[in-house]
Amino acid sequence: MPPVADPAWLRAHREEVVLADVRWYLDGRSGRAAYDAGHLPGAVFVDLDRWLAAPGGPAGGRHPLPDPAVFAQGMAALGIGDGDTVVAYDDAGGVVAARLVWMLRVTGHQAALLDGGLAAGDGPLERVAPDPAPAVFTPRPWPAERLADVADAVDPAAVVLDARDPERYRGDREPVDPRAGHVPGAVNVPCRANLDASGRFRPVEELRRTFAAAGVTGDSDVVSYCGSGVTACHNLLALELAGLPEGRLYPGSWSQYSADPDRPVAVGDRPG
């Protein structure tokens, strides 16, 4: 299954998939409250902090990957089983829902982002949450070959992509993490630049040009990071959509890297 699902495909296959709402907000707003106020019909709510991340801290960053057993528990409780196909969305072009899709895909499950997100739905939203029957979801370890750490993020042999907005990459502002700036050598490819003005993914050729400008080739070792390992998944899915190397996620991302005052930091537009 490709990493992005067209709304027309979802309409044709709605009874064959589990629809997942993965709204979460950096400014502290409640994703659950947004879901309760209106969600796509039949969608279950996936709590990012509860099921898609372990408790945060300086050592591991704000959103470390959860224990596979915790992830499995959450998916099973939401009615997502080993053989189910999941289509996930949010209201930000998929930059948050990408975390769930990436986690499912790297552990061998069928999953995709809904292109256009919440706005791609047709018809009225629902306020009543479904009550799915528990499913069987087998815990699977996070594949080591799809993960990166601090050493990988500073490896000059890797193409390191920073998915944050340009002002955070440059160090103009830093709303949540210990220091402003970026990992030296990292190239800024803001995940939201994967989308057009309507919130849909840009054409594959445009994505390829963007990643090529960042130094990504067909045989690159790509490491993707962001603030806490969430929106970095959007770039990883966009790479896959563009037919480029799958890349590795640095789960600790800037929240982990910047917590150590001895690590060098770059600022400005250049990788540093």
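Relevant structure appears above.
A few points on the structure. (Residues numbered from 1 in each chain as written. Predicted model: local features only at pLDDT ≥ 70, side-chain atom pairs only at ≥ 80, totals over all residues. Heavy atoms only, no water.)

### As for the sheet that holds strand β8 (residues 222–225)
Strand order in this open sheet of four strands is β7-β6-β8-β9, and the pairing throughout is parallel. Strand pairing shows two members of the sheet lacking a second neighbour, β7 (187–188) and β9 (248–249), which therefore form its edges. As paired elements, β8 and β9 share two bridges and run parallel to each other. When the sheet's bridge partners are listed, Val223 is paired in β9 with Arg248. (Pairing = 2+ DSSP bridges. Helix = DSSP H or I, 4+ residues; strand = E, 2+ residues; numbered from the N terminus.)

### Digging into the sheet that holds strand β5 (residues 110–114)
Taken together, five strands build an open sheet; the order of strands is β1-β5-β4-β2-β3 and the sheet is parallel. Looking at the sheet topology across the chains shown, the edges are occupied by β1 (4–5) and β3 (44–45). Of the pairings in the sheet, the one linking strand β4 (residues 85–89) to β5 comprises four bridges and is parallel in character. Bridge pairing in β5 places Val86 opposite Ala111. Contacting β2 (17–21), β4 and β5, helix α5 (residues 98–106) crosses the sheet at an angle of about 160° to β5. (Contact = heavy atoms within 4.5 Å. Axes fitted to C-alpha atoms, helices over the stretch in contact; angles between N-to-C directions.)

### What to know about the nonpolar core
Judged by nonpolar contacts, the single largest core of 55 residues is most densely connected at Val22, Leu52, Phe71, Met75, Leu100, Leu161 and Phe211. Not counting chain neighbours up to four residues away, the residues in contact with Leu52 comprise Val22, Val46, Asp47, Pro64, Pro66, Phe71, Met75, Arg99, Leu100 and Met103. (Core = buried A, V, L, I, M, F, W, Y, C linked by side-chain atoms within 4.5 Å. Buried < 20%, exposed > 50% of the residue type's maximum accessible area, 1.4 Å probe, protein only.)

### Some thoughts on the pattern of salt bridges
This model, assessed by the stated rule, comprises 22 salt bridges. When the shortest N-O distance is used, the salt bridge between Asp269 and Arg170 registers 3.9 Å. With a gap of 99 residues between them, Asp269 in the segment after α10 (253–257) and Arg170 in helix α7 (residues 166–170) connect regions that are remote in the sequence. One salt bridge in this structure joins Glu205 and Arg208, with 2.6 Å as the shortest N-O distance. Pair noted here: Glu205 and Arg208 are both in helix α8 (residues 204–213), with a separation of three residues, about one helical turn. On the basis of relative accessibility, which here comes to 44%, the residue Glu205 falls in the partly exposed class. Taking the relative accessible area as the measure of exposure, Arg208 reaches 36% and is therefore partly exposed. Connected through shared salt-bridge partners, Arg62, Asp162, Arg164, Arg168, Glu174 and Asp177 make up one network. (Salt bridge = Lys/Arg side-chain N within 4 Å of Asp/Glu carboxyl O.)

### Structural notes on the side chain of Asp162
Considering the arrangement of structural elements, one finds Asp162 in strand β6 (residues 159–162). Asp162 gets classed as buried once you look at its relative accessible area, which sits at 0%. Apart from residues lying up to four places away in sequence, Asp162 is in contact with Tyr169, His182, Ala186, Val187, Asn188, Val189, Pro190 and Tyr225.

### Examining the pairing of β6
Burial along β6 is two-sided: the residues Val159 and Leu161 and Val160 and Asp162 are all buried. The pairing of β6 with β8 spans four bridges and is parallel. Residue pairing for β8: Val159 is matched across the bridge by Val222. Here β6 pairs with β7 via two bridges, running parallel. By the bridge assignment, Asp162 is partnered in β7 with Asn188.

### Overview of the packing of aromatic side chains
All chains considered together, the criterion is met by five aromatic pairs. Geometrically, the ring pair formed by Tyr225 and Tyr250 is edge-to-face, given 6.5 Å between the ring centres and 65° between the ring planes. Note that Tyr225 is positioned in strand β8 and Tyr250 in the loop between β9 and α10, a separation of 25 residues in sequence. On the accessibility criterion, Tyr225 (0% relative accessible area) is buried. Ring centres 5.5 Å apart and planes at 25° place the aromatic pair Trp254 and Tyr257 in the stacked group. Here Trp254 and its partner Tyr257 are both found in helix α10, three residues apart, which amounts to about one turn of the helix. Like Trp254, the residue Tyr257 is buried in the burial classification. Ring-pair connections join several aromatic residues into one group, and the members of that group are Phe71, Phe137 and Trp142. Just above the ring of Tyr25 sits the side chain of Arg29; from NZ or CZ to the centre is 3.9 Å. (Phe/Tyr/Trp six-rings, centres within 6.5 Å; stacked < 30°, edge-to-face > 60°. Lys NZ or Arg CZ within 6 Å of the ring centre and 35° of its normal.)

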